[in-house]
Amino acid sequence: MAALHEQDPEQLWSPLAVEILRVCGAEFLVFVSRDWVGCEDAVHVWLPDGTVRSQVGEHAQQLIRHCKPLTGYYATSNDRTPVTASQVVGEAEWRDSVMAQRKREALASDHILGVPLPDASEPFRGCLVHRTGSGFTDEHLAFARRIQPLLAGVDRQAALLRNYRASTAKAPSGQAGPDPAEGAAESGLTPRETDVLALLADALTATAISRRLGISVRTVQKHTENIYRKLGTSDRVTTVLHAQARRIIPVREVAARPTPGRSGGIHSTCR
């Protein structure tokens, strides 16, 4: 719920990180992007109090980025089940390995749990949870499996918000335009309603929107009803044009999808 009401895509992960660390009794975690190893950006470390550390020493960054054996395991396998480093190589082997020793010295981390996004068609993306002392329990692993769909949902929401901000960052003249989030807020639209509105402008049906956002068709229709009510409109084209005029979404050609035998309303424009 916190993610669905967050306007800034960079703030979506903090409440999730805090909850993962609390449940797993862990010291810190990092989120892994698809360009993890080759990326030159700083490593961001989430701590249990919700703060993020970006100033991490170069040696520690390298140890975090090249998190063998987990990154190697996920890179060569379609398995996206959460696993620990000791499960991959064996508890004794991991405890006595050079990599484990280096992590203990540099990061004060004894155990690592990988929680990937469930999509096996992509390189490893997800989070690496670091814990000291005793290892991760079966309960921790069960929790990690339960939150995988939530990770995927937050990841989709972050991508939608970033794309939405990028598409509305410039006015048609090339000059910086007003903040689209302000226009949405002034109209009373929630971030999720703004997501639906942007996809309506792309002429997606309710079924396609539901797949894109991972929600039910009925929920899409309910969001669409709320959008129409808040913008004072009754059909897709008018709604999109109205939203463009308010700079809530970028100006572009509107593609309508009329349904034979009906006119206007949710059922004819968003099935």
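Per-chain numbering applies: the sequence of each chain, read as written, is numbered from 1 onward. In view of the model being predicted, local features appear only for residues whose pLDDT reaches at least 70, and side-chain atom pairs are presented and counted only at 80 or more, with totals across whole chains, interfaces and linings using the full set of residues. Processing note: side-chain calculations cover all non-hydrogen atoms of the structure and skip hydrogens and water entirely.

## Quick word on helix α6 (residues 98–107)
Right, on to step 1. Only protein chains enter the calculation, and the probe is 1.4 Å; a residue is then buried if its accessible area is under 20% of its type maximum, exposed if over 50%, and partly exposed in between. Runs of E in the DSSP output that reach at least two residues are strands. Runs of H or I that reach at least four are helices, and both are numbered from the N terminus. Of all the positions in α6, only M99, A100, K103 and L107 are classed as buried. An end-on view of α6 places all buried positions within 100° of arc, on one side of the element. Opposite the packed face of α6, turned more than 90 degrees from it, sit the exposed residues V98 and E105.
Right, on to step 2. Just downstream of α6 lies A108, where phi reads positive at about 55°. Note: the arc covers the axis-to-C-beta directions of the helix.

## What about the packing of aromatic side chains?
Right, on to step 1. Pairing of aromatic side chains requires ring centres within 6.5 Å, counting the rings of Phe and Tyr and the six-membered ring of Trp. Pairs whose planes differ by under 30 degrees are stacked, by over 60 edge-to-face, and all others tilted. Inspection of every chain in the model, using the stated rule, returns 3 aromatic pairs.
Right, on to step 2. Seen from their ring centres, W13 and F31 are 4.7 Å apart, and the 40° between their planes marks the pair as tilted. With W13 in helix α1 (residues 13–24) and F31 in strand β1 (residues 28–32), this pair connects stretches of sequence that are 18 residues apart.
Right, on to step 3. F31 gets classed as buried once you look at its relative accessible area, which sits at 15%.
Right, on to step 4. Ring geometry for F31 and W46: centres 5.0 Å apart, planes at 85°, overall edge-to-face. Separated by 15 residues along the polypeptide, F31 in strand β1 and W46 in strand β2 (residues 45–46) bring together distant segments of the chain.
Right, on to step 5. Residue class for W46 comes out buried when judged on its relative accessible area of 10%.
Right, on to step 6. Three or more aromatic residues link up through ring pairs in this structure, and these residues are W13, F31 and W46.

## A word on the nonpolar core
Right, on to step 1. Side-chain atoms within 4.5 Å link the members of a nonpolar core, which is a set of buried Ala, Val, Leu, Ile, Met, Phe, Trp, Tyr and Cys residues. If you look at the biggest cluster of nonpolar residues, it comprises 25 residues, and the most contacted ones within it are I20, L29 and V129.
Right, on to step 2. Within the residue set of this core, elements represented by two or more residues are α1, β1, β5 (111–116), β6 (126–131) and α7 (138–167).
Right, on to step 3. Ranked by residues supplied to this core, first place goes to α7 with 8 residues.
Right, on to step 4. Contacts are assigned to residue pairs that have any heavy atoms within 4.5 Å of one another. If we ignore the near neighbours within four places in the chain, the residues touching L29 are A17, I20, L21, H44, V45, W46, C127, L128 and V129.
Right, on to step 5. Ranked by size, the runner-up nonpolar core spans 21 residues in total, among them L63, Y74, A100 and L128.

## Considerations on the pattern of salt bridges
Right, on to step 1. Every case where a carboxyl oxygen of Asp or Glu lies within 4 Å of a side-chain nitrogen of Lys or Arg is listed as a salt bridge. Going through the model one piece at a time under the given rule, you end up with 7 salt bridges.
Right, on to step 2. With its nearest N and O atoms 2.7 Å apart, the salt bridge here joins R22 to E19. Taken together, the residues R22 and E19, both in helix α1 and 3 residues apart, mark about one turn of the helix.
Right, on to step 3. Among the ionic pairs, R218 bridges to E225, the shortest N-O distance being 3.8 Å.

## A short note on the confidence of the model for the protein chain
Right, on to step 1. With 80% of its residues at a pLDDT of at least 70, the protein chain reaches an overall mean of 79.
Right, on to step 2. The least confident element of the protein chain is helix α13 (residues 265–269), whose mean pLDDT is 29; the most confident is strand β4 (residues 83–84), at 94.
Right, on to step 3. Per-residue pLDDT stays below 50 along residues 171–176; that stretch engages in 7 contacts with residues further than four places along the chain or on separate chains.
Right, on to step 4. Note that residues 253–271 has pLDDT below 50 and, in this model, 42 contacts with residues that lie over four places away or in other chains. Residue-level confidence of the predictor, termed pLDDT, takes values from 0 up to 100.

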